[in-house]
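The lines below spell out each chain.
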Amino acid sequence: MNNNHKNPSTIFQHYLQQLKTIVHKIDIHQQGNPQILKHSLHPDMLPLLAQLRTAANFSLRCCCPLSGRERITFDNKDETFAGIQLQLDQTIQYLQSLPLNDAASTASLIEDQAGFTPLQLPAEEYVYHYALPNFFFHLNMAYAIGRAAGVPLSKGDFDGYHQYPDGFSFVSQEDQ
């Protein structure tokens, strides 16, 4: 296997690029109105802006300690589509600057907080059982909020691989 595939930074970079696409499509669909950034799937869940920022931050929470660096964030006070795009751009650029490390070869324990629970996990377990699932959870929530608002997002927007013809639906007109 190519070592780039063992490096979680490359996974985060790919999906942060997809998140930029999702944010752009939400922005266009909403005609620049940032009100959707306050929407959530349920009143007790984080709103879209927090889901987006949390996804970006999970990539840094994971990759900084793997690279022997202090955790940082590119959160900003700009609660607009431009503000979140800036955070995503800065996060991707920072991840690109980190040395490539194989998570499995990192022997140290990584400390973090899961809600109110302190964590201390071996690096590989931290990456694959905690950081990546949490990153994808928040990415999925952002996608779901966009879809719930009627944004025409596809599986291809999510993963960058799937392609479907315009107007394609998995539900036939007869089933509706």
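Everything discussed here concerns the structure shown above.
Caption draft 1: Structural context of the layout of surface pockets. In this structure, the largest pocket spans a volume of roughly 430 Å³. Residue lining of the largest pocket: 21 residues in total, with Leu153, Ser154, Lys155, Tyr164 and Phe168 positioned closest to the centre. Counting residues per element, the ones that place at least two in the lining of the largest pocket are helix H1 (8-29), helix H4 (123-148) and helix H5 (155-159). It is H5 that provides the largest number of residues to the lining of the largest pocket, a total of 3 residues. Tallied by class, the residues present in the lining of the largest pocket amount to 8 nonpolar, 8 polar and 5 charged.

Caption draft 2: Quick peek at H4. Taking 1.5 Å as the rise per residue, H4 with 26 residues should run 38 Å; its terminal C-alpha atoms sit 36 Å apart, in good agreement. Helix geometry: H4 is bent most strongly at alanine 131, by close to 30°, with proline proline 133 lying one to four residues after it. Looking one or two places after H4, you find glycine 150, whose phi comes out positive at around 90°.

Caption draft 3: Focus on the packing of helix H2 (residues 48-66) against H4. Look at H2 against H4: their axes get within 8 Å of each other, and the N-to-C directions meet at 160°. Between H2 and H4, the crossing angle belongs to the class labelled roughly antiparallel. With respect to the hand of their crossing, H2 and H4 are arranged in left-handed fashion. Here Leu48, Gln51, Leu52, Thr54, Ala55, Phe58, Ser59, Arg61, Cys62 and Leu66 of H2 lie close against H4, whose contacting residues are Ala123, Tyr126, Val127, Tyr130, Ala131, Asn134, Phe135, His138, Leu139, Met141, Ala142 and Ile145.

Caption draft 4: Looking closely at the environment of isoleucine 28. By the secondary structure assignment, isoleucine 28 is in helix H1. Relative accessible area serves as the criterion here: at 52%, isoleucine 28 is assigned to the exposed category.

Caption draft 5: How the structure looks around the pattern of salt bridges. Under the defined criterion, the tally for this structure stands at 4 salt bridges. Between lysine 25 and aspartate 157 there is a salt bridge, with the nearest N and O atoms lying 2.9 Å from each other. On the criterion of sequence distance, the pair formed by lysine 25 in helix H1 and aspartate 157 in helix H5 is long-range, its members being 132 residues apart. The class for lysine 25 is partly exposed, based on a relative accessible area of 31%. For aspartate 112, the salt bridge identified is with arginine 61, shortest N-O distance 2.7 Å. Residue aspartate 112 is located in strand S1 (residues 109-114), and its partner arginine 61 is located in helix H2; the two are separated by 51 residues in the primary sequence. You can call aspartate 112 buried: its relative accessible area is 13%.

Caption draft 6: Fine view of the nonpolar core. Counting 45 residues, the largest nonpolar core has Phe12, Leu16, Leu19, Leu48, Leu52 and Phe135 as its most contacted members. Elements that contribute at least two residues to this core include exactly H1, H2, helix H3 (81-97), strand S2 (117-122) and H4. Not counting residues within four places of it along the chain, the set of residues in contact with leucine 16 comprises Ala56, Ser59, Leu88, Thr91, Ile92, Leu95 and Phe135.

Caption draft 7: Representation of the pairing of S2 in the model. Note: S1 against S2, 6 bridges, orientation antiparallel. Bridge pairing in S2 places alanine 114 opposite threonine 117. In this antiparallel pair of consecutive strands, S1 and S2, the connection spans 2 residues, and glycine 115 shows a positive phi of 65°.

Cut-offs and rules
Residues numbered from 1 in each chain as written. Predicted model: local features only at pLDDT ≥ 70, side-chain atom pairs only at ≥ 80, totals over all residues. Heavy atoms only, no water. 1 Å grid on protein atoms, 1.4 Å probe; cavity = no way out; pocket = protein on both sides within 12 Å on 5 of 7 lines; lining within 4 Å. Points joined across faces, edges and corners; volume = space filled by probe spheres on them. Helix = DSSP H or I, 4+ residues; strand = E, 2+ residues; numbered from the N terminus. Nonpolar A, V, L, I, M, F, W, Y, C, P; charged D, E, K, R; others polar. Expected span 1.5 Å × (residues − 1). Bend = angle between axes of the 7 residues up to and from the residue. Axes fitted to C-alpha atoms, helices over the stretch in contact; angles between N-to-C directions. Parallel < 35°, antiparallel > 145°, perpendicular 65-115°, else oblique. Left-handed = near helix turned anticlockwise from the far one by under 90°. Contact = heavy atoms within 4.5 Å. Buried < 20%, exposed > 50% of the residue type's maximum accessible area, 1.4 Å probe, protein only. Salt bridge = Lys/Arg side-chain N within 4 Å of Asp/Glu carboxyl O. Core = buried A, V, L, I, M, F, W, Y, C linked by side-chain atoms within 4.5 Å. Pairing = 2+ DSSP bridges.

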